[in-house]
Amino acid sequence: MSTSPETAAGTSGHGDLNVGVKGASGSGEATASATRITPGNALRPEDIALAVSRGTAKPDEDVAEFALRLGDDALILAQRLGHWISRAPELEEDIALGNIALDQLGHARSFLSYAGGALGEDGTAKSEDDLAYFRREHEFRSAEIFEQPNGDFAVTIARQFVVSYYQFELYRRLTQSTDATLAGIAAKAVKEVDYHRDHSAQWVLRLALGTDESREKMIHAFKVIWPYVDELFRDDELTARLSASGAAAEPSSLRADFDRLTGEVLAEAELDVPKVQPAPGGGRKGLHSEHLGYILAEMQVLAREYPGASW
Amino acid sequence: MASQTLQSVPGEPTSARHEQSPEDVARRDAEGQAYFDKVMADDSRIEPRDWMPPAYRKTLLRQISQHAHSEIIGMQPEANWISRAPSLKRKAILMAKVQDEAGHGLYLYSAAETLGQPRDQMMQDLMDGKAKYSSIFNYPARTWADMGAIGWMVDGAAIANQVPLCRASFGPYGRAMVRVCKEESFHQRQGFEILLELSHGTPEQKQMAQDAVNRWYAPALMMFGPPDDDSPNSKQSMAWNIKRFSNDELRNRFVGMMMEQVKVLELTLPDKDIRFNEDTKKWEHGPLDWEEFHEVLAGRGPCNAQRLERRREAHHNGAWVREAAAAYAAKQSRKQAEKESAA
């Protein structure tokens, strides 16, 4: 599918955390410790951008479109989560939500840097910033759940809970991708998203089993968020081709694990899966909810005020 | 520094004090004072369980909690630009920086808690307007260049103030400052780099950078506090080895540092009176508007109301979450206790 960035698997000198670990293959944690990632030497967005500009990592059109989807998901979520910094219920949560936002932003930068390698109409690569700041609403490929408003803390937690369990299953499989760069990004991301799962699951328990008020808010929050779950697991022509080539698993194939693992937490929290109708979605085709326009207006305003400027 | 003899005169718990005769208390206080005086003379450290004069405790509690509040309120002007940062890399750096500030607030509150006041109480005093925070954060961050000016000048002034505090006589404060200063120094460099990029950018970007430097210069100099002849608490703080240099000494030193760095930025400082005095071997600057300083300190600055209201709002909106977490923790420990008694 593609050649790897210089820091990715296949190059020497990065060590191998996996040496000597018995029976470690198959789980997200084990695949995350492939040679391409070592502590302090993880695959950075800058490495990917460099590999793309040198032509040593080049996604094909399908992989680029897929990377754009994942990059946009993470970017829009980071933008939403960033709003909590200085507004969270506790200082510790200012830090935690900020950290999750920062992780998501890092994933977005990696995916977008890679996606940019295939998108230049004039034959040149686009940068992460070209893609983030100079595309219009209908050109974004994020699913609707990511642009859902923060609401109260329970809504943010409900959204994060769904997203992190989804992303974990997605990235866990993506570490096995035939595309070395996607696999490299996923190997780093899956470890971080594992913490996001832990954070949100703990809050689901606290809020659902805390006070009557918090339980009511948690139940309401899941009702608000759950209509956007289905879109995450919908297959389409792109994912069918990616699945056939081994670059990425079909979204529908993640659903059983997602249902099982989220179900365990919900059961412990004495919550039912909300009975709500799924929204049709459309973000993967550029058909977004009414929220995205405002997010982009705010995110892009300064960059667009000074086009061509360097920051 | 003299060797640290920690807790050689531990302060006894209050309950124990009630059972002691007044003579015992007086004797303990005299021994405590003697130990404290020796620590000061040796330039060594007082730890939380050591005896300390009530005024020393009160001064430190006020200073450390104000410092913590400044970190927390100081998150706001920069958080204001996270959503609009002009590149994803800058967005990531800014997010990490504001997150660091929350972390500084946390360790400073923890250091202050060792003096006997819970964080909730300090937070309440902040929201009630009883506790102060650095006035600098009552100025608005109007443009992206303010992210550069805040990092370079405001964090720069904070470092100049805080590096000597790493040697503060109260152990937890000094140790917190070591970590805070390391991160602040990184923050200052990122602010400098933002300005450098802007000053080498388009003419509009360069103007944006110059405007921000012009706006933050005087407020940054005033961060060191009133002039020495108008700073009544300084003398005692220096005697207690909390403060090491006077406000004016630190301010002058900071002006000298900025004068060198502003040349690299190819920008100017909005003060024609800056000069190096060959006789005193010190930097000097033009007059500052101390009336404005006192106005902002008294709550009449551009953003005082906004900053406090944001803090109150976040605290108020989060009340049900904190209650839920406390209720859940209590239920969990009850369950655990039942399990253990059944076993």
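So, here's what we can say about the structure. From a predicted model like this one, the values you see are computed outputs, not experimental measurements.

## A few points about the overall build of chain B
What chain B contains, in helices and strands, is 13 helices and 2 strands. For the C-alpha atoms alone, the extent of chain B along its principal axes is close to 75 × 55 × 35 Å. Looking at chain B as a whole, 52% of its 343 residues qualify as buried. Taking the intrachain contacts of chain B between residues at least 6 apart in sequence as the baseline, contacts between residues at least 24 apart amount to 76%. If you sum the accessible surface of chain B, you get close to 15900 Å²; carbon and sulfur atoms cover 53% of it. Distance from the positive charge centre (45 side chains) to the negative charge centre (48 side chains) of chain B: 4 Å.

## Considerations on the pattern of salt bridges
Residue and element names in this part refer to chain B. For the structure shown, the criterion picks out 37 salt bridges over all chains. We note a salt bridge from Glu193 to Arg90, for which the minimum N-O separation is 3.5 Å. Linking Glu193 in helix H7 (residues 171-199) with Arg90 in helix H4 (residues 88-113), this pair joins segments that are 103 residues apart in sequence. A residue is classified by how much of its surface remains accessible, and Glu193, at 37% relative accessible area, is partly exposed. In this structure, the salt-bridge partner of Lys263 is Glu260, at a minimum N-O distance of 3.4 Å. Of the two residues, Lys263 and Glu260 are both situated in helix H10 (residues 247-265); the distance of 3 residues between them amounts to about one turn of the helix.

## Re the environment of Pro278(A)
Residues and elements named next belong to chain A. Mapped onto the fold, Pro278 is located in the loop between helix H12 (255-268) and helix H13 (292-305). The spatial distance from the C-alpha of Pro278 to the C-alpha of Thr178 is 32 Å, given a sequence separation of 100 residues. If sequence neighbours within four positions are ignored, Pro278 has contacts with Pro227 and Asp230.

## Concerning the interface of chain A and chain B
Counting residues at the interface gives 48 residues for chain A, matched by 46 residues for chain B. Surface buried jointly by chain A and chain B totals about 4000 Å² across both partners, of which 67% is contributed by carbon and sulfur atoms. One can count 2 salt bridges joining chain A with chain B. Where chain A meets chain B, there are 16 residue pairs in polar contact (both at pLDDT 80 or more). Sorting the residues of the side of chain A that touches chain B by element identifies helix H3 (61-82), helix H4 (91-119), helix H5 (128-133), helix H7 (153-174), helix H8 (180-209), helix H9 (212-225) and H13 of chain A as the ones contributing at least two each. Partitioning the side of chain A that touches chain B into residue classes produces 26 nonpolar, 9 polar and 13 charged.

## Quick notes on the packing of aromatic side chains
Applying the stated criterion across every chain, the model contains 19 aromatic pairs over all chains. Taken together, a centroid distance of 6.4 Å and an interplanar angle of 75° make the contact between Phe36(B) and Trp51(B) edge-to-face. Of the two residues, Phe36(B) sits in helix H2 (residues 22-42) while Trp51(B) sits in the loop between H2 and helix H3 (54-79), which places them 15 residues apart along the sequence. Summarising the burial analysis for this pair, Phe36(B) and Trp51(B) share the class buried. Centroid distance Phe276(B) to Trp283(B): 5.5 Å. Interplanar angle 65°. Geometry classified as edge-to-face. A connected cluster of aromatic rings, assembled from ring pairs, spans Phe161(A), Tyr165(A), Tyr166(A), Phe222(A), Trp226(A), Phe233(A) and Phe258(A). Its guanidinium or amino end placed over the ring of Tyr165(A), Arg197(A) lies 5.2 Å from that ring's centre, counting from NZ or CZ. Directly above the ring of Trp320(B) sits Lys217(A), whose terminal nitrogen or CZ lies 5.1 Å from the centroid.

## Re H3(A)
Because an α-helix packs 3.6 residues into every turn, residues spaced three or four apart end up facing the same way. Between its first and last C-alpha atoms H3(A) spans 31 Å; for 22 residues at 1.5 Å apiece the expected length is 32 Å, and the two agree. Within H3(A), 19 of the 22 residues are buried, leaving the element largely enclosed by the surrounding structure.

## Regarding the nonpolar core
Within the largest apolar cluster, 189 residues are counted, with the highest numbers of intra-cluster contacts made by Tyr171(A), Met218(A), Tyr56(B), Trp144(B), Trp152(B) and Met153(B). Here this core takes 14 residues from H7(A), the largest share from any one element. Other than its neighbours up to four places away in sequence, Trp152(B) contacts Gln188(B), Gly191(B), Phe192(B), Leu195(B), Val213(B), Met258(B), Gln261(B), Val262(B), Leu265(B) and Leu269(B).

## Focus: the packing of H3(B) against helix H12 (residues 304-317) of chain B
Packed helix pairs are characterised by how far apart their axes lie and by the angle those axes make with each other. Residues and elements named next belong to chain B. Relative orientation of the contacting elements H3 and H12 amounts to 110°, with a least axis distance of 10 Å. In terms of orientation, H3 lies roughly perpendicular with respect to H12. In this structure, H3 uses Ile72, Ile73, Gln76 and Pro77 to contact H12, whose residues at the interface are Gln306, Arg307, Arg310 and Arg311. Residues of the contact of H3 with H12, tallied by class, amount to 3 nonpolar, 2 polar and 3 charged.

## Considerations on a positive patch on the surface
Residues and elements named next belong to chain B. On the surface, a cluster of positive charge is contributed by Lys331, Arg334, Lys335 and Lys339. One can find Lys331 in helix H13 (residues 319-342). Its relative accessible area of 35% is what places Lys331 among the partly exposed residues.

Cut-offs and rules
Residues numbered from 1 in each chain as written. Chains lettered and ligands numbered in written order. Predicted model: local features only at pLDDT ≥ 70, side-chain atom pairs only at ≥ 80, totals over all residues. Heavy atoms only, no water. Helix = DSSP H or I, 4+ residues; strand = E, 2+ residues; numbered from the N terminus. Buried < 20%, exposed > 50% of the residue type's maximum accessible area, 1.4 Å probe, protein only. Contact = heavy atoms within 4.5 Å. Areas by Shrake-Rupley, 256 points an atom, 1.4 Å probe, with all protein chains shown as cover. Lys, Arg positive; Asp, Glu negative; His and termini not counted. Charge placed at Lys NZ, Arg CZ, Asp CG, Glu CD. Salt bridge = Lys/Arg side-chain N within 4 Å of Asp/Glu carboxyl O. Buried area = accessible area lost by both parts, 1.4 Å probe. Polar contact = N/O pair within 3.5 Å; in protein donor to acceptor, adjacent residues only side chain to side chain. Nonpolar A, V, L, I, M, F, W, Y, C, P; charged D, E, K, R; others polar. Phe/Tyr/Trp six-rings, centres within 6.5 Å; stacked < 30°, edge-to-face > 60°. Lys NZ or Arg CZ within 6 Å of the ring centre and 35° of its normal. Expected span 1.5 Å × (residues − 1). Core = buried A, V, L, I, M, F, W, Y, C linked by side-chain atoms within 4.5 Å. Axes fitted to C-alpha atoms, helices over the stretch in contact; angles between N-to-C directions. Parallel < 35°, antiparallel > 145°, perpendicular 65-115°, else oblique. Patch = residues over 30% accessible without salt bridge, like charges linked within 9 Å, V, L, I, M, F, W, Y side chains within 5 Å.

From the geometry alone we can't say anything about function, so treat these as descriptive.
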